[in-house]
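# Working through the structure, step by step
Okay, here's what each chain looks like letter by letter:
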Amino acid sequence: MARITSLTGLEILDSRGRPTVQATCRLASGAVGTASAPSGASTGAAEAHELRDGDPQRYRGLGCRKAIANINGELAQMLVGYELADQGALDRAMIEGDGTLHKSRLGANAILGVSLAFARALAQERRETLFAYFATLLAVSAPPTLPRPTINLFSGGKHAGGQAPIQDVLVVPAAAETVDEALATTVAVFQAAADLCQEKYAMRLLTADEGGLAPPFTHAEAMLADAVAAIERAGFRPGHDVALAVDVASSHFYEDGHYRLDGNQLTSTEMIAQLADWVERYPIVSVEDGLAEEDWAHWPLLRQRIG
(Lines give C-alpha, C1' and ligand atoms only; values in the text may rest on other atoms or scores of the structure.)
Protein backbone atom coordinates (compact mmCIF):
# COMPACT_ATOMS: atom_id res chain seq x y z
CA MET A 1 0.00 0.00 0.00
CA ALA A 2 1.15 3.55 -0.70
CA ARG A 3 -0.28 6.81 0.60
CA ILE A 4 0.18 10.06 -1.33
CA THR A 5 0.83 13.02 0.95
CA SER A 6 1.39 15.67 -1.72
CA LEU A 7 0.54 16.04 -5.40
CA THR A 8 1.44 19.15 -7.39
CA GLY A 9 1.69 20.18 -11.02
CA LEU A 10 3.65 22.75 -13.02
CA GLU A 11 3.53 23.97 -16.60
CA ILE A 12 6.95 23.49 -18.21
CA LEU A 13 8.34 23.77 -21.74
CA ASP A 14 9.43 20.72 -23.71
CA SER A 15 12.38 20.53 -26.11
CA ARG A 16 10.30 22.21 -28.82
CA GLY A 17 9.50 25.18 -26.60
CA ARG A 18 5.89 23.97 -26.26
CA PRO A 19 4.13 23.71 -22.90
CA THR A 20 3.60 20.37 -21.23
CA VAL A 21 2.75 19.08 -17.77
CA GLN A 22 5.13 18.24 -14.93
CA ALA A 23 3.80 16.43 -11.86
CA THR A 24 5.44 15.75 -8.50
CA CYS A 25 4.15 13.05 -6.16
CA ARG A 26 5.31 12.60 -2.55
CA LEU A 27 4.50 9.45 -0.56
CA ALA A 28 4.13 8.99 3.19
CA SER A 29 7.42 7.09 3.17
CA GLY A 30 9.22 10.24 2.01
CA ALA A 31 9.78 8.94 -1.52
CA VAL A 32 9.28 11.57 -4.22
CA GLY A 33 8.74 11.20 -7.95
CA THR A 34 8.68 13.94 -10.59
CA ALA A 35 7.78 13.35 -14.23
CA SER A 36 6.81 15.32 -17.31
CA ALA A 37 4.14 14.19 -19.74
CA PRO A 38 5.47 13.61 -23.27
CA SER A 39 3.90 15.70 -25.99
CA GLY A 40 4.39 14.83 -29.64
CA ALA A 41 4.12 16.81 -32.84
CA SER A 42 2.74 13.74 -34.60
CA THR A 43 -0.32 12.25 -32.91
CA GLY A 44 -2.79 9.55 -33.88
CA ALA A 45 -6.49 10.15 -34.35
CA ALA A 46 -7.38 7.76 -31.52
CA GLU A 47 -4.87 9.04 -28.96
CA ALA A 48 -5.97 10.28 -25.57
CA HIS A 49 -6.81 13.98 -25.36
CA GLU A 50 -4.21 16.53 -24.26
CA LEU A 51 -6.03 19.26 -22.36
CA ARG A 52 -4.87 22.62 -23.70
CA ASP A 53 -6.02 26.08 -22.69
CA GLY A 54 -7.01 27.30 -26.14
CA ASP A 55 -5.92 30.90 -25.45
CA PRO A 56 -4.45 32.18 -28.74
CA GLN A 57 -2.63 34.97 -26.90
CA ARG A 58 -0.57 32.48 -24.89
CA TYR A 59 1.59 29.79 -26.50
CA ARG A 60 -0.77 29.87 -29.51
CA GLY A 61 -3.44 28.14 -27.47
CA LEU A 62 -1.20 25.29 -26.29
CA GLY A 63 -0.91 26.38 -22.65
CA CYS A 64 -1.51 23.74 -19.99
CA ARG A 65 -2.86 25.79 -17.08
CA LYS A 66 -6.18 23.92 -17.12
CA ALA A 67 -4.41 20.58 -16.86
CA ILE A 68 -2.18 21.91 -14.08
CA ALA A 69 -5.23 23.21 -12.22
CA ASN A 70 -6.74 19.73 -12.41
CA ILE A 71 -3.60 18.20 -10.85
CA ASN A 72 -3.44 20.76 -8.05
CA GLY A 73 -7.19 20.68 -7.57
CA GLU A 74 -9.44 17.73 -8.39
CA LEU A 75 -6.76 15.06 -8.75
CA ALA A 76 -5.04 16.10 -5.52
CA GLN A 77 -8.39 16.06 -3.70
CA MET A 78 -9.12 12.63 -5.16
CA LEU A 79 -5.77 11.02 -4.29
CA VAL A 80 -3.97 12.77 -1.43
CA GLY A 81 -4.36 10.96 1.90
CA TYR A 82 -5.79 7.75 0.47
CA GLU A 83 -4.15 4.31 0.56
CA LEU A 84 -3.49 2.93 -2.91
CA ALA A 85 -2.83 -0.74 -3.42
CA ASP A 86 -0.68 -0.38 -6.52
CA GLN A 87 -0.12 1.48 -9.79
CA GLY A 88 -3.32 0.05 -11.25
CA ALA A 89 -5.39 1.38 -8.37
CA LEU A 90 -4.08 4.90 -8.98
CA ASP A 91 -4.68 4.74 -12.71
CA ARG A 92 -8.18 3.31 -12.34
CA ALA A 93 -9.13 6.02 -9.85
CA MET A 94 -8.06 8.77 -12.25
CA ILE A 95 -9.69 7.20 -15.30
CA GLU A 96 -12.96 6.68 -13.44
CA GLY A 97 -12.77 10.19 -12.00
CA ASP A 98 -12.29 11.63 -15.49
CA GLY A 99 -15.25 9.67 -16.85
CA THR A 100 -14.61 10.23 -20.56
CA LEU A 101 -13.44 7.88 -23.32
CA HIS A 102 -10.32 9.86 -24.22
CA LYS A 103 -9.55 11.45 -20.83
CA SER A 104 -10.66 14.81 -22.16
CA ARG A 105 -12.19 16.26 -18.98
CA LEU A 106 -9.18 16.13 -16.66
CA GLY A 107 -6.71 15.83 -19.54
CA ALA A 108 -4.58 12.87 -20.54
CA ASN A 109 -1.51 15.03 -20.00
CA ALA A 110 -2.52 15.62 -16.37
CA ILE A 111 -3.44 11.97 -15.79
CA LEU A 112 -0.28 10.62 -17.43
CA GLY A 113 1.97 13.08 -15.61
CA VAL A 114 0.54 12.01 -12.24
CA SER A 115 0.76 8.31 -13.15
CA LEU A 116 4.43 8.62 -14.14
CA ALA A 117 5.29 10.64 -11.04
CA PHE A 118 3.62 8.01 -8.84
CA ALA A 119 5.55 5.27 -10.64
CA ARG A 120 8.85 7.05 -10.01
CA ALA A 121 7.98 7.55 -6.35
CA LEU A 122 7.06 3.89 -5.89
CA ALA A 123 10.26 2.76 -7.62
CA GLN A 124 12.25 4.99 -5.28
CA GLU A 125 10.35 3.67 -2.26
CA ARG A 126 11.13 0.09 -3.30
CA ARG A 127 14.76 0.97 -4.10
CA GLU A 128 14.25 -0.27 -7.65
CA THR A 129 15.26 1.23 -10.97
CA LEU A 130 12.29 2.56 -12.88
CA PHE A 131 12.67 0.00 -15.67
CA ALA A 132 12.74 -2.83 -13.11
CA TYR A 133 9.56 -1.46 -11.52
CA PHE A 134 7.84 -1.35 -14.91
CA ALA A 135 8.91 -4.96 -15.51
CA THR A 136 7.06 -6.00 -12.35
CA LEU A 137 3.90 -4.33 -13.68
CA LEU A 138 4.18 -6.46 -16.81
CA ALA A 139 4.96 -9.60 -14.78
CA VAL A 140 8.18 -10.18 -16.68
CA SER A 141 11.78 -10.51 -15.54
CA ALA A 142 13.58 -7.20 -15.40
CA PRO A 143 16.51 -6.89 -17.81
CA PRO A 144 19.90 -6.91 -16.06
CA THR A 145 20.83 -3.50 -17.47
CA LEU A 146 19.08 -0.35 -18.59
CA PRO A 147 17.28 -0.97 -21.91
CA ARG A 148 19.13 0.51 -24.86
CA PRO A 149 18.01 3.98 -25.89
CA THR A 150 16.87 4.88 -29.39
CA ILE A 151 18.15 8.35 -30.30
CA ASN A 152 17.12 10.43 -33.27
CA LEU A 153 19.66 10.71 -36.09
CA PHE A 154 17.68 11.83 -39.16
CA SER A 155 14.23 13.43 -39.29
CA GLY A 156 11.61 13.94 -41.96
CA GLY A 157 7.83 14.11 -42.03
CA LYS A 158 6.20 16.29 -39.37
CA HIS A 159 9.40 16.41 -37.30
CA ALA A 160 11.20 18.32 -40.05
CA GLY A 161 10.20 20.05 -43.27
CA GLY A 162 8.60 17.06 -44.91
CA GLN A 163 11.61 16.72 -47.22
CA ALA A 164 11.33 12.94 -46.80
CA PRO A 165 8.13 11.07 -45.91
CA ILE A 166 9.64 8.86 -43.19
CA GLN A 167 9.48 10.62 -39.85
CA ASP A 168 12.60 9.38 -38.04
CA VAL A 169 15.63 7.15 -38.42
CA LEU A 170 17.11 6.49 -35.00
CA VAL A 171 20.37 5.07 -33.68
CA VAL A 172 20.35 2.04 -31.34
CA PRO A 173 23.75 1.55 -29.61
CA ALA A 174 23.24 -2.21 -29.49
CA ALA A 175 26.67 -3.28 -28.21
CA ALA A 176 26.98 -0.65 -25.49
CA GLU A 177 27.08 -2.09 -21.97
CA THR A 178 26.58 1.15 -20.02
CA VAL A 179 24.62 4.36 -20.46
CA ASP A 180 27.91 6.25 -20.71
CA GLU A 181 29.07 4.03 -23.58
CA ALA A 182 25.69 4.22 -25.29
CA LEU A 183 25.72 8.02 -25.29
CA ALA A 184 29.36 8.24 -26.41
CA THR A 185 28.61 5.87 -29.29
CA THR A 186 25.53 7.82 -30.32
CA VAL A 187 27.32 11.16 -30.26
CA ALA A 188 30.12 9.74 -32.41
CA VAL A 189 27.60 8.55 -35.01
CA PHE A 190 25.71 11.86 -34.84
CA GLN A 191 28.86 13.91 -35.42
CA ALA A 192 29.85 11.63 -38.29
CA ALA A 193 26.39 12.17 -39.77
CA ALA A 194 26.77 15.93 -39.37
CA ASP A 195 30.07 15.81 -41.27
CA LEU A 196 28.44 13.69 -43.97
CA CYS A 197 25.56 16.20 -44.29
CA GLN A 198 28.05 19.05 -44.69
CA GLU A 199 29.90 17.24 -47.46
CA LYS A 200 26.93 15.65 -49.25
CA TYR A 201 24.22 18.27 -48.81
CA ALA A 202 26.22 21.41 -47.90
CA MET A 203 24.15 21.60 -44.74
CA ARG A 204 25.54 22.90 -41.49
CA LEU A 205 24.62 21.45 -38.11
CA LEU A 206 20.91 22.30 -37.79
CA THR A 207 18.43 19.96 -36.13
CA ALA A 208 14.72 19.24 -36.41
CA ASP A 209 12.30 19.48 -33.49
CA GLU A 210 13.32 16.14 -31.96
CA GLY A 211 17.04 16.67 -32.41
CA GLY A 212 17.57 14.79 -35.68
CA LEU A 213 19.45 16.14 -38.66
CA ALA A 214 17.20 17.01 -41.60
CA PRO A 215 19.14 17.46 -44.84
CA PRO A 216 17.24 17.59 -48.16
CA PHE A 217 17.06 13.85 -48.75
CA THR A 218 16.09 12.98 -52.31
CA HIS A 219 14.07 9.94 -51.23
CA ALA A 220 13.16 7.96 -48.12
CA GLU A 221 15.78 5.26 -48.50
CA ALA A 222 18.52 7.89 -48.53
CA MET A 223 17.85 8.36 -44.81
CA LEU A 224 18.71 4.71 -44.20
CA ALA A 225 21.73 4.63 -46.49
CA ASP A 226 23.18 7.79 -44.96
CA ALA A 227 22.59 6.42 -41.45
CA VAL A 228 24.61 3.30 -42.28
CA ALA A 229 27.33 5.47 -43.83
CA ALA A 230 27.47 7.57 -40.63
CA ILE A 231 27.80 4.46 -38.46
CA GLU A 232 30.69 3.20 -40.58
CA ARG A 233 32.30 6.62 -40.70
CA ALA A 234 32.26 6.72 -36.89
CA GLY A 235 34.18 3.44 -36.82
CA PHE A 236 31.33 1.11 -35.82
CA ARG A 237 29.89 -2.00 -37.44
CA PRO A 238 26.28 -1.56 -38.62
CA GLY A 239 24.03 -4.17 -37.08
CA HIS A 240 26.62 -5.26 -34.53
CA ASP A 241 27.78 -2.17 -32.67
CA VAL A 242 24.98 0.13 -33.79
CA ALA A 243 21.58 -0.73 -35.22
CA LEU A 244 18.73 1.41 -36.58
CA ALA A 245 15.12 2.01 -35.62
CA VAL A 246 12.62 3.61 -37.99
CA ASP A 247 9.49 5.61 -37.20
CA VAL A 248 7.70 5.51 -40.54
CA ALA A 249 4.57 7.44 -39.43
CA SER A 250 2.76 6.03 -42.45
CA SER A 251 -0.56 7.65 -41.59
CA HIS A 252 0.83 10.98 -42.76
CA PHE A 253 1.30 9.80 -46.35
CA TYR A 254 -1.69 7.43 -46.54
CA GLU A 255 -4.55 8.67 -48.69
CA ASP A 256 -7.50 6.96 -50.35
CA GLY A 257 -6.21 3.51 -49.48
CA HIS A 258 -2.71 4.07 -50.86
CA TYR A 259 0.71 5.12 -49.55
CA ARG A 260 2.28 8.02 -51.42
CA LEU A 261 5.98 7.33 -51.00
CA ASP A 262 8.64 9.15 -53.03
CA GLY A 263 6.25 9.90 -55.87
CA ASN A 264 4.93 6.35 -56.01
CA GLN A 265 1.44 5.18 -55.07
CA LEU A 266 1.75 1.90 -53.15
CA THR A 267 -0.93 -0.53 -52.11
CA SER A 268 -0.79 -1.88 -48.56
CA THR A 269 0.78 -5.10 -49.84
CA GLU A 270 3.41 -3.12 -51.71
CA MET A 271 4.10 -0.99 -48.62
CA ILE A 272 4.65 -4.14 -46.57
CA ALA A 273 7.02 -5.45 -49.25
CA GLN A 274 8.91 -2.15 -49.16
CA LEU A 275 9.33 -2.29 -45.38
CA ALA A 276 10.41 -5.94 -45.53
CA ASP A 277 13.00 -5.04 -48.16
CA TRP A 278 14.44 -2.31 -45.96
CA VAL A 279 14.57 -4.61 -42.94
CA GLU A 280 16.44 -7.22 -44.99
CA ARG A 281 18.97 -4.78 -46.45
CA TYR A 282 19.58 -2.45 -43.51
CA PRO A 283 20.35 -3.15 -39.81
CA ILE A 284 16.83 -2.23 -38.65
CA VAL A 285 15.71 -3.71 -35.33
CA SER A 286 12.48 -1.72 -34.81
CA VAL A 287 9.76 -0.39 -37.12
CA GLU A 288 7.16 1.98 -35.67
CA ASP A 289 3.90 2.84 -37.45
CA GLY A 290 4.85 0.97 -40.60
CA LEU A 291 1.25 1.12 -41.80
CA ALA A 292 -1.47 3.73 -41.35
CA GLU A 293 -3.43 3.53 -38.12
CA GLU A 294 -6.67 2.85 -40.01
CA ASP A 295 -5.20 0.15 -42.26
CA TRP A 296 -6.44 -2.54 -39.87
CA ALA A 297 -6.71 -5.37 -42.37
CA HIS A 298 -3.01 -5.34 -43.21
CA TRP A 299 -1.36 -4.96 -39.80
CA PRO A 300 -1.44 -8.76 -39.19
CA LEU A 301 0.25 -9.25 -42.57
CA LEU A 302 2.98 -6.74 -41.69
CA ARG A 303 3.61 -8.44 -38.37
CA GLN A 304 3.69 -11.85 -40.04
CA ARG A 305 6.24 -10.57 -42.54
CA ILE A 306 8.67 -8.72 -40.28
CA GLY A 307 7.46 -9.31 -36.70
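Let me begin by describing the structure that accompanies this report. (Residues numbered from 1 in each chain as written. Predicted model: local features only at pLDDT ≥ 70, side-chain atom pairs only at ≥ 80, totals over all residues. Heavy atoms only, no water.)

## Some words on the pattern of salt bridges
Any two side chains of opposite charge can pair, so long as their charged atoms come close to each other. By the definition in use, this model includes 11 salt bridges. A salt bridge links Arg52 to Glu50; the nearest nitrogen and oxygen atoms lie 3.2 Å apart. Using a relative accessible area of 14% as the deciding quantity, one classes Arg52 as buried. Looking at Glu50, the relative accessible area reads 25%, which means it is partly exposed. Between Asp226 and Lys200 there is a salt bridge, and its shortest N-O distance comes to 2.7 Å. Of this pair, Asp226 sits in helix H6 (residues 220–233) while Lys200 sits in helix H5 (residues 179–201); the two residues are 26 residues apart in sequence, bridging distant segments of the chain. A relative accessible area of 3% means that Asp226 is categorised as buried. Because the salt bridges share partners, they merge into one network encompassing Glu11, Asp53 and Arg58. (Salt bridge = Lys/Arg side-chain N within 4 Å of Asp/Glu carboxyl O. Buried < 20%, exposed > 50% of the residue type's maximum accessible area, 1.4 Å probe, protein only. Helix = DSSP H or I, 4+ residues; strand = E, 2+ residues; numbered from the N terminus.)

## Points about the environment of Ala28
Among the structural elements, Ala28 can be located in the loop between strand E2 (19–27) and strand E3 (32–36). Remark: the alpha-carbon pair of Ala28 and Ser6, spanning 22 residues in sequence, is separated by 8.7 Å. Look past the residues within four positions of Ala28 in its chain and what remains in contact with it is Arg3 and Thr5. (Contact = heavy atoms within 4.5 Å.)

## Considerations on the side chain of Thr20
Counting through the fold element by element, Thr20 comes out in strand E2. Exposure remark for Thr20: the relative accessible area of 4% places this residue in the buried category. At a separation of 2.6 Å, a polar atom in the side chain of Thr20 contacts the main-chain carbonyl oxygen of Ala37. Contact partners of Thr20, with chain neighbours within four places excluded, come to Leu10, Glu11, Ile12, Asp14, Ala37, Ser39 and Cys64. (Polar contact = N/O pair within 3.5 Å; in protein donor to acceptor, adjacent residues only side chain to side chain.)

## Thoughts on the pairing of strand E1 (residues 2–13)
Pairing analysis gives two bridges linking E1 to strand E4 (residues 83–84), with the strands arranged antiparallel. By the bridge assignment for E4, Arg3 is matched with Glu83. Bridge analysis of E1 against E2 gives nine bridges, and the strand direction is antiparallel. Following the sheet pairing, Ile4 is matched in E2 by Leu27. Here E1 folds back onto E2 in antiparallel fashion, the turn holding five residues, of which Gly17 has a positive phi close to 80°. (Pairing = 2+ DSSP bridges.)

## A short note on the sheet that holds strand E9 (residues 258–261)
The strand order across the open sheet formed by three strands is E8-E9-E10, and the pairing between neighbours is antiparallel. Unpaired on one side and paired on the other, strand E8 (254–255) and strand E10 (264–266) mark the two borders of the sheet. Sheet analysis places E8 next to E9, joined by two bridges and oriented antiparallel. Paired with Tyr254 across the two strands is Tyr259, which belongs to E9. Packing of helix H7 (residues 268–281) onto the sheet brings it into contact with E9 and E10, and relative to E9 it is tilted by some 45°. (Axes fitted to C-alpha atoms, helices over the stretch in contact; angles between N-to-C directions.)

## Thoughts on the packing of H7 against helix H8 (residues 299–306)
Running from amino to carboxyl end, H7 crosses H8 at an angle of 20°, the nearest separation of the two axes being 10 Å. Comparing the axis directions of H7 and H8 gives the class roughly parallel. The two elements H7 and H8 cross, and the hand of that crossing is right-handed. Across the interface between the two elements, Ile272, Ala273, Leu275, Ala276 and Val279 of H7 pack against Leu301, Leu302, Arg305 and Ile306 of H8. Across the contact of H7 with H8, the residue classes break down as eight nonpolar, no polar and one charged. (Parallel < 35°, antiparallel > 145°, perpendicular 65-115°, else oblique. Left-handed = near helix turned anticlockwise from the far one by under 90°. Nonpolar A, V, L, I, M, F, W, Y, C, P; charged D, E, K, R; others polar.)

## Observations concerning the nonpolar core
One recurring pattern in soluble globular proteins: nonpolar side chains tend to sit buried together. Grouped together as the largest cluster of nonpolar side chains are 41 residues, with contacts concentrated most on Leu153, Phe154, Leu213, Met271 and Trp278. Of all the secondary structure elements, the ones that give two or more residues to this core are strand E5 (151–155), strand E6 (168–172), H5, H6, strand E7 (243–247), E9 and H7. Among the elements that make up this core, the one with the highest residue count is H6 (eight residues). What Leu153 contacts, discounting residues up to four positions off in sequence, is Val169, Leu170, Val171, Val189, Phe190, Ala193, Gly212, Leu213 and Ala227. (Core = buried A, V, L, I, M, F, W, Y, C linked by side-chain atoms within 4.5 Å.)

## Re the sheet that holds E7
Taken together, four strands build an open sheet; the order of strands is E5-E6-E7-E11 and the sheet is mixed. At either margin of the open sheet sits one strand with a lone partner, and together these are E5 and strand E11 (284–288). Strand-to-strand twist in this sheet, taken as the mean axis angle between neighbours without regard to direction, amounts to 25°. Strand direction decides the pairing type here: E7 and E11, joined by four bridges, are parallel.

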